[in-house]
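Chains, contacts and geometry: an overview
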Amino acid sequence: MTDAIGYELLGDIAVLTAQNPPVNALGYDVRTGLWEGIERAEKDGARAVLIYGDGATFFAGADIKEFGKPPKEPYLPDLCTRIEASPLIVVSSMHGTALGGGLEIALGSHYRIAVPSARMGLPEVLIGVMPGAGGTQRLPRLIGVERSLDIITSGRQIGAREALDLGIIDRIEDGAPRDIGLAYARELLASGAPRRAISEMPAPEPVDFDATYEAVLKKGRGQLSPAVAVRGVQAACELPFAEGMKRERELFMELMATDQRQGLIHAFFAERAVGKLPELEGVDPRPLAELGVIGGGTMGAGIATAALLSGLGVIMLEMSAEAAQAARGRIEGNLQGALKRGKIDQAKFDHLTGTALRLSTDYDALKNADLVIEAVFEDMEVKKQVFGKLDAVCKPGAVLATNTSYLDVNEIAAITARPADVIGLHFFSPAHVMKLLEIVVADKSAPDVVATGFALGKRLGKVSVRAGVCDGFIGNRILARYREAADTVMMDGSNPWEVDAAMVEFGYPMGPYEAQDLSGLDIAHANRRRQDATRDPARRYIPIADRMVAEGRLGKKVGVGWYRYPGGGGKVEDPLVEDLVREEAHYAKVARRAFTGDEIRTRLLIAMINEAAAILDEGIALSAADIDLVTVAGYGFPRWRGGLMHHADTLGPKAVLEALRRFAVEDPVAWKPAALIERLAAEGKSFAEA
Ligand code: T1G
């Protein structure tokens, strides 16, 4: 026996305890221990077996760290079948998160019990694979095809109550998983309960699997795993169990071999590495109980909502009683959403909007706040005024944060007497929904202030990425190049809908022009004006977006932007925009030509990769993986491609350099290769190794 699985014989019940922290992943030792444990229980003459997890959770799935390595027996599907085939009564007692192979072990058991806080699911599609240990064969037999498809293709976690209602588990009991499991096993033995092998249940009723496959594929926007998982469930309806298991294994191994699985696993581990900064080794964050938020517009209200939902007290400052009331309305509106989705109950809603949230128009109200974040108008003078007041009012040790999207955090810090307490916390709107948080570290930001920023990000469930100070930090600096490349392609012969279609084809939820219509063309316009004084005069400037703003086409909020938004939702292509583009191209004497989707994608992606390489080389981002997370969590880059730099490594720095040199013939300024790309190409290294 390995010590990854403890074995005890308590009367006629054998107890197998998973002891593989932190998440009892079903690595080789655990699988071997379970297999040997079942065999030993049978030899010891036990009548029942209890399987449960020590520590934080029941098995949280196969050991993802083994992915890509040659699989070692016992394979997980065989183990589940071995458990199910035992003549003993096998009970799984779940707590924490019984996910993937963990839930499949439980489905191979004959009875399933859980503590009320247990969560479970089959999230394999989220990491590019599919249930590969019988999940697509057993779950449909247990709860039917429709419900199984929902759980398997979404990868969502469900709570114990929903699992009980669905019939996935038999019992919910309060108490330690070991105790409730033992009691349940004894009860089953005493009542003479039979073994219940799910594989012996009848095949489930089928659905129209071809239609389901197409619908799921379309929804996945290029991600294969959810759609392929549909074919696994189909096998449960059409093949005998053993054949169905073989079919599931074939499909699973096909997905295991895809770049998409690599991309999604890369994103999974990158998210868990991003907050582990060497500079924060041994650095404790400052206390964080009360958050001050200045400015209750969309952004400030979103930040306040996220903070309230995480259990922090919030003091919101606005300019007037009316503005404060409007801010309260926005926050309550956000929390109504959480209430409707069942994230919080009415009592929680009342608490959050009652005692947890206070509003004021007086800076003095911030004097006890542990961290204050301003989300006021994006203007340096306005922000400096705010920080001057914070410097005077806030208690010593309070962290003073700016939510600026572009502005120089060093300049803001410099007007306070405590620059070490100043940091940038760049949230993305809506701040209670978007996962990305750029933590902008100024020259004088103290390490424990940085640690406090990361602690806040973790508390709010954000993907927090460290960024250095520059115009646009990481994400917006890359976005500026993305838009510049798009405007250039448009000026030289394309149009907004062709460009958008090309990037949706790549896997974005929407293209750059539809996205701009949502955020408003005036924001980028204000940034371009701010940059007028420092823009390289030799750099080609595309004036179309300025012309759009001049024509009042500010985007969806005014009903017209790059697209027209007739009442009732939806968007339409607007021939007037094409006329504007042609007119500007005529003024600029541009000889226009058609661009294919591939040409558009290549130009926009290479432009972003080039800028990202400079960001990496300047140390604004600590790693290529950090840039991947920014693009995925904040800008819609398809997660199954692993992020911008993981995608760049599928091309390789040499190919990126060749493309840049090709485009530089047209425009040597805009397409000047970043020095890092030239170095990596020469050294034969990847961006991940930079
Ligand atoms: N394998 C290996 N390591 C894992 C792991 C896993 N399945 N899950 C988590 N870890 C590591 C993680 O990298 C981190 O390591 C530490 O545990 C804490 O994780 C055949 C093939 C379970 C909800 O997809 O969703 O089963 O950084 O920071 O926030 O059908 O981890 O400390 O070194 O996330 O409390 C299916 C993935 C696998 C679950 C816990 N299972 N994990 O969240 O902690 S495929 C999953 C999670 C499968 C079968 C197929 C979460 C969590 P380090 P953490 P957390």
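Residues numbered from 1 in each chain as written. Predicted model: local features only at pLDDT ≥ 70, side-chain atom pairs only at ≥ 80, totals over all residues. Heavy atoms only, no water.

1. Thoughts on the environment of Val 499
Going by this rule: Labels follow the DSSP assignment, with helices taken as runs of H or I lasting at least four residues and strands as runs of E lasting at least two, numbered in each case from the N terminus. The classification of residues rests on relative accessible area computed with a 1.4 Å probe and restricted to protein chains. Under 20% of the type maximum is buried, over 50% is exposed, and intermediate values are partly exposed. Contacts were defined at the residue level, with two residues in contact if any of their heavy atoms lie within 4.5 Å.
Topologically, Val 499 is positioned in helix α19 (residues 496-506). For Val 499, a relative accessible area of 0% gives the class buried. Excluding residues within four positions of it along the chain, Val 499 makes contact with Ala 486, Val 489, Ser 494, Pro 512, Tyr 513, Ile 600 and Leu 604.

2. Here we look at the nonpolar core
As a reminder, the rule being used: Buried residues of nine kinds, namely Ala, Val, Leu, Ile, Met, Phe, Trp, Tyr and Cys, make up a nonpolar core once their side-chain atoms join them within 4.5 Å.
Ranked by size, the top nonpolar core spans 98 residues in total, and within it Leu 390, Ile 474, Trp 562, Leu 604, Ile 627, Leu 644 and Phe 687 carry the most contacts. Ranked by the residues each element gives to this core, the list is headed by helix α24 (residues 597-617), at twelve residues. Apart from the residues lying within four places of it in its own chain, the contact partners of Ile 627 are Ile 474, Ile 478, Ala 612, Ile 615, Leu 616, Ala 621 and Met 645.

3. Overview of helix α4 (residues 135-143)
Think of an α-helix as 3.6 residues a turn; residues three or four steps apart then line up on the same face. Where burial is concerned, most of α4 is hidden: eight out of the nine residues are buried. Regarding α4, the residues found buried are Gly 135, Thr 136, Gln 137, Arg 138, Leu 139, Pro 140, Arg 141 and Ile 143. Following α4 by one or two positions, Gly 144 adopts a phi angle in the positive range, close to 95°.

4. Things to note about the sheet that holds strand β16 (residues 436-440)
Definition in use: Two strands pair if DSSP finds at least two bridges between them. Every angle, taken between N-to-C directions, lies between 0 and 180 degrees, and every axis is a line fitted to C-alpha atoms, over only the stretch in contact when it is a helix.
An order of β12-β11-β10-β13-β14-β15-β16-β17 is seen for the eight strands of this open sheet, with the pairing classed as mixed. Every other strand in the sheet has two partners, leaving β12 (357-360) and β17 (463-467) as the edge strands with one partner each. Averaged over all neighbouring strand pairs, the angle between strand axes comes to 25°, with direction disregarded. Of the strand pairs in this sheet, strand β10 (residues 290-294) and strand β11 (residues 313-317) are connected by five bridges, and their pairing is parallel. Residue pairing across strands places Leu 291 opposite Val 314, the latter belonging to β11.

5. Things to note about the packing of α24 against helix α28 (residues 675-683)
When two helices pack together, their arrangement is given by the angle between their axes and by how far apart the axes lie. Applied cut-off: Reported orientations rely on four angle classes, namely roughly parallel under 35 degrees, roughly antiparallel over 145, roughly perpendicular from 65 to 115, and oblique for the rest.
Taken N-terminus to C-terminus, the directions of α24 and α28 make an angle of 90°; their axes are 7 Å apart at the nearest point. As far as their axial angle goes, α28 and α24 are roughly perpendicular. Contacts between α24 and α28 involve Ile 609, Asn 610, Ala 613, Leu 616 and Asp 617 from the former and Ala 675, Leu 676, Ile 677 and Arg 679 from the latter.

6. Some remarks on the site of the ligand
To keep it simple, the criterion reads: For this description, a residue counts as near a given molecule or strand if any of its non-hydrogen atoms is within 4 Å of it. Side-chain atoms alone can form a polar contact between residues adjacent in sequence; in general such a contact is a pair of N or O atoms within 3.5 Å, and within protein one must be able to donate a hydrogen while the other accepts it. Surface accessibility in these figures is a Shrake-Rupley result with a 1.4 Å probe; residues are shielded only by whichever protein chains are displayed. Residue type decides the class: Asp, Glu, Lys and Arg count as charged, Ala, Val, Leu, Ile, Met, Phe, Trp, Tyr, Cys and Pro as nonpolar, and the leftover types, Gly among them, as polar.
Surveying the vicinity of the ligand reveals 27 residues, the closest of which are Ala 62, Glu 104, Glu 124, Arg 272 and Lys 276. Between Gly 132 and the ligand, the recorded distance is 3.0 Å, taken from a backbone N or O atom to an oxygen atom. Side-chain polar atom of Arg 272 to an oxygen atom of the ligand: 2.6 Å apart, as the coordinates give it. Compared with its free state, where it exposes 1000 Å², the ligand has 74% of that area covered by protein. Among the secondary structure elements, those contributing two or more residues to the shell around the ligand are β5 (97-99), α3 (101-108) and α11 (259-273). Ranked by residues supplied to the shell around the ligand, first place goes to α11 with three residues. When its residues are assigned to classes, the shell around the ligand shows 16 nonpolar, five polar and six charged.

7. Some thoughts on the domain arrangement of the protein chain
Let me state the cut-off plainly: As annotated, the domain borders come from an automatic or database domain assignment. In this description, buried area is defined as the sum, over both parts, of the accessible area (probe of 1.4 Å) that is lost when the two are combined. We define a salt bridge as a contact between a side-chain nitrogen of Lys or Arg and a carboxyl oxygen of Asp or Glu at a distance within 4 Å.
Domain parsing of the protein chain yields domain 1 (5-257), domain 2 (284-467) and domain 3 (475-689). Once you take the C-alpha centre of each, domain 2 and domain 3 turn out to be 30 Å apart. Contacts between domain 2 and domain 3 engage 13 residues on the former and 13 residues on the latter. Summed over both sides, the interface between domain 2 and domain 3 buries roughly 1100 Å², with carbon and sulfur atoms accounting for 63% of that surface. Connecting domain 2 to domain 3 are zero salt bridges. One can count two residue pairs in polar contact (both at pLDDT 80 or more) joining domain 2 with domain 3. Only β16 and β17 provide two or more residues apiece to the side of domain 2 that touches domain 3. The leading source of residues in the side of domain 2 that touches domain 3 is β17, at four residues. Of the residues assigned to the side of domain 2 that touches domain 3, the class counts are eight nonpolar, two polar and three charged.

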